[in-house]
Amino acid sequence: MADELAPEVKKTERWGSRVGVILAVAGSAVGLGNFLRFPGVASQHGGGAFMIPYFLALVLLGIPICWAEWSMGRYGGKKGLHSSPAILGVIGRGRWARYLGAIGILIPLVVFFYYSLIESWCLRYVWLYIKGGMDLGADAGQFVAHSGDVFSKVAASDANGLFRGESLSASGFWVAVFIMNMWLVYRGLTGGIGKFCEWAMPAMALCAVIVLARVLTLGSPPAAAGRSVADGLGFMWNPRWEYLAQPETWLAAAGQIFFSLSVGFGVIINYASYLRRKEDVALSGLTASATNELFEVGLGGMITIPAAFLFFGALVAGQSTFGLGFNTLPVVFEYMGPAGRFIGATWFFMLFLAAITSSISMLQPVKAFVEEALGVTKGA
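Just so it is clear, the model here is predicted, and its values are computed rather than measured. (Residues numbered from 1 in each chain as written. Predicted model: local features only at pLDDT ≥ 70, side-chain atom pairs only at ≥ 80, totals over all residues. Heavy atoms only, no water.)

1. What about the pattern of salt bridges?
To keep it simple, the criterion reads: Criterion for a salt bridge: a side-chain nitrogen of Lys or Arg within 4 Å of a carboxyl oxygen of Asp or Glu. Numbering of helices and strands runs from the N terminus, with a helix taken as a DSSP run of H or I at least four residues long and a strand as a DSSP run of E at least two residues long. Any residue under 20% of the maximum accessible area for its type is buried, any over 50% is exposed, and the rest in between are partly exposed; the area is computed with a 1.4 Å probe on protein chains only.
All chains considered together, the criterion is met by 1 salt bridge. With a shortest N-O distance of 3.9 Å, E371 and K367 are connected by a salt bridge. Taken together, the residues E371 and K367, both in helix α17 (residues 338-374) and 4 residues apart, mark about one turn of the helix. Across the pair, K367 and E371 agree in class, each one buried.

And the structure:
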């Protein structure tokens, strides 16, 4: 059935520009893994020592697999195919290859629901910061005591936590986010995903630079025992060599690369299938990967780890992935005074953009599969 539909699908679905597809693929990769998972994993596995297997995994695993997926996707697109089961079925020339390709539908669908929930949390944080409803009640000597309570109260639906007179429930934010995702994917590549990523990615970068600038100019709080932002940068970049002897460090680095670049998810194969015939997949893939690394190492790590280390010292290594972003940083923003309200809203709006550019990329392969399997030919 996919072969019968191929000519029509091929005519209606194409990226509008090279910039659009690069930003869309980069948007699928730049997500919560860059700003939440990477800082947590790096701090738990030796800081600068973690960077060595991390960059090795990027060069030896991430980029080659990324190029392979770009090539497979463009090959399938030339035949009018856009779902990973159909594309792998053509490449593998067999039923089992199509079954393997089904992973590229199931994993993105599961991740989509996971991401959409986190997007609702991020959006609710933004709303609370804008309304002035965040009330941590922490002074300079109580940072650690209060940091563990922030997320559980904001993510809850009751109105007795951190927010005063809040009428919007957590479920309401999730419904709004779910509809937004569905609408963007329904609009198609050029009118929905591509256009959204073309402004969302620069906006995300601007938000990250604003937060980074404020973090790098933080003074030492009274409870910081003389620590400075420079000490936090040292914690991130100075290698603790003993971690290189631990297999967990190398496995964590490889896992972070797979998660961060979205390789093996079926997303790149789907996005690349809409490329025009003359597109350079090597250059496009490398550009998207480089953009992802800029956000992950240059922005995500530089924001979260130094700020968290400034307030918590070596205890930051024991923080979970969500703990750093959702519990620790709100306490840091509280220390900033009135300006912290703006910085907090900016940080969580950036996380929201990072999450939604990823979640729509997870929903698009499912849409392509439904179109090919059921004969739906709605284009962009």
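2. Considerations on the nonpolar core
Note the cut-off: What is meant by a nonpolar core is a set of buried Ala, Val, Leu, Ile, Met, Phe, Trp, Tyr and Cys residues, joined one to another through side-chain atoms within 4.5 Å. A contact between two residues is defined here by any heavy atoms of the two lying within 4.5 Å.
W15, F35, W70, M204, W347, F348 and L351 are the most contacted members of the largest nonpolar core, which totals 98 residues. Examining the composition of this core, we find that 15 residues originate from one element, α17, more than from any other. Aside from chain neighbours lying at most four places away, what touches F348 is C122, Y125, V126, Y129, G325, F326, P330 and F333.

3. Concerning the environment of S83
Going by this rule: A 3.5 Å cut-off defines polar contacts: any pair of N or O atoms within that distance qualifies, except that in protein one atom must be a possible hydrogen donor and the other a possible acceptor, and neighbouring residues in sequence count only when both atoms are side-chain atoms.
Note on placement: S83 falls in the loop between α4 (48-78) and α5 (84-92). Residues S83 and V267, 184 residues apart in the sequence, show an inter-C-alpha distance of 9.3 Å. S83 has contacts with A368, F369 and E372, leaving out every residue within four places of it along the chain. A distance of 2.7 Å separates a polar atom in the side chain of S83 from a polar atom in the side chain of E372.

4. What to know about empty space enclosed by the protein
As a reminder, the rule being used: Within this scheme a cavity is a closed region of a 1 Å grid, computed over the protein atoms alone, that accommodates a 1.4 Å probe without allowing it to escape, whereas a pocket is open but has protein on both sides within 12 Å along at least five of seven lines; lining residues each have an atom within 4 Å of a point. Grid points are joined across faces, edges and corners, and a volume is the space filled by probe spheres set on the points. Three residue categories are used. Nonpolar comprises Ala, Val, Leu, Ile, Met, Phe, Trp, Tyr, Cys and Pro, charged comprises Asp, Glu, Lys and Arg, and polar comprises the others, including Gly.
Under the counting rule described, the total for this entry stands at 2 cavities of 30 Å³ or more. Space inside the largest cavity adds up to approximately 70 Å³. Lining the largest cavity are 13 residues, with S28, Y115, F259, S262 and M362 sitting closest to its centre. When contributions to the lining of the largest cavity are tallied by element, the ones reaching two or more residues are α2 (18-29), α3 (32-44), α7 (103-131), α13 (247-261) and α17. Class assignment for the residues of the lining of the largest cavity results in 6 nonpolar, 7 polar and no charged. Of the pockets and cavities examined, the second largest cavity occupies roughly 40 Å³. Contributions of two or more residues to the lining of the second largest cavity are made by α2 and α15 (281-312). A per-element tally of the lining of the second largest cavity places α15 first, with 3 residues. For the lining of the second largest cavity, the class distribution of residues is 6 nonpolar, 2 polar and no charged.

5. Looking at the side chain of N270
Of note, N270 is situated in helix α14 (residues 267-272). According to the relative accessible area criterion, N270 is buried, its value standing at 1%. Beyond its immediate sequence surroundings of up to four residues, N270 is in contact with H82, Q364, P365 and A368.

6. Overview of the confidence of the model for the protein
Selection criterion: Confidence of the prediction at every residue is given by pLDDT, a number between 0 and 100.
Across the protein, pLDDT averages 77, with 80% of residues at or above 70. Low confidence marks residues 1-10, where pLDDT is under 50. Its contacts with residues over four positions away, or in another chain, come to 22 contacts. Confidence drops under pLDDT 50 across residues 153-168; counting only partners more than four residues distant or on other chains, this segment forms 38 contacts.

7. Some thoughts on the packing of aromatic side chains
As a reminder, the rule being used: A pair of Phe, Tyr and Trp rings is counted when the ring centres sit within 6.5 Å of each other, with Trp represented by its six-membered ring. The angle between the planes then sorts it: under 30 degrees is stacked, over 60 is edge-to-face, the rest tilted. Working rule: Lys NZ or Arg CZ, within 6 Å of ring centre, within 35 degrees of ring normal, means a charge sits over the ring.
All told, the structure shown has 16 aromatic pairs when counted by the stated rule. For the pair Y125 and F348, a centre-to-centre distance of 4.1 Å together with 20° between the ring planes defines the contact as stacked. Linking Y125 in helix α7 with F348 in helix α17, this pair joins segments that are 223 residues apart in sequence. Both residues of the pair, Y125 and F348, count as buried. Through successive ring pairs, a cluster of aromatic residues spans F38, F50, Y54 and F55. Looking at R37, its charged tip hangs above the ring of F259, at a distance of 5.1 Å from the centre. Stacked on the ring of F235, the Lys or Arg R240 has its end atom at 4.3 Å from the ring centre.

8. Notes on a nonpolar patch on the surface
What counts is decided by this rule: Two joining distances apply to patches: 9 Å for like charges and 5 Å for nonpolar side chains (Val, Leu, Ile, Met, Phe, Trp, Tyr), and every residue must have over 30% relative accessible area and no salt bridge. We get accessible surface area from the Shrake-Rupley algorithm with a probe of 1.4 Å; when it comes to residues, only the shown protein chains can shield them.
Side chains of I52, L56, V59, L60, L61, W241, W250 and F258 sit close together on the surface and give an oily, nonpolar patch of about 760 Å² of accessible area. When contributions to the nonpolar patch are tallied by element, the ones reaching two or more residues are α4 and α13. Positionally, L61 belongs in helix α4.

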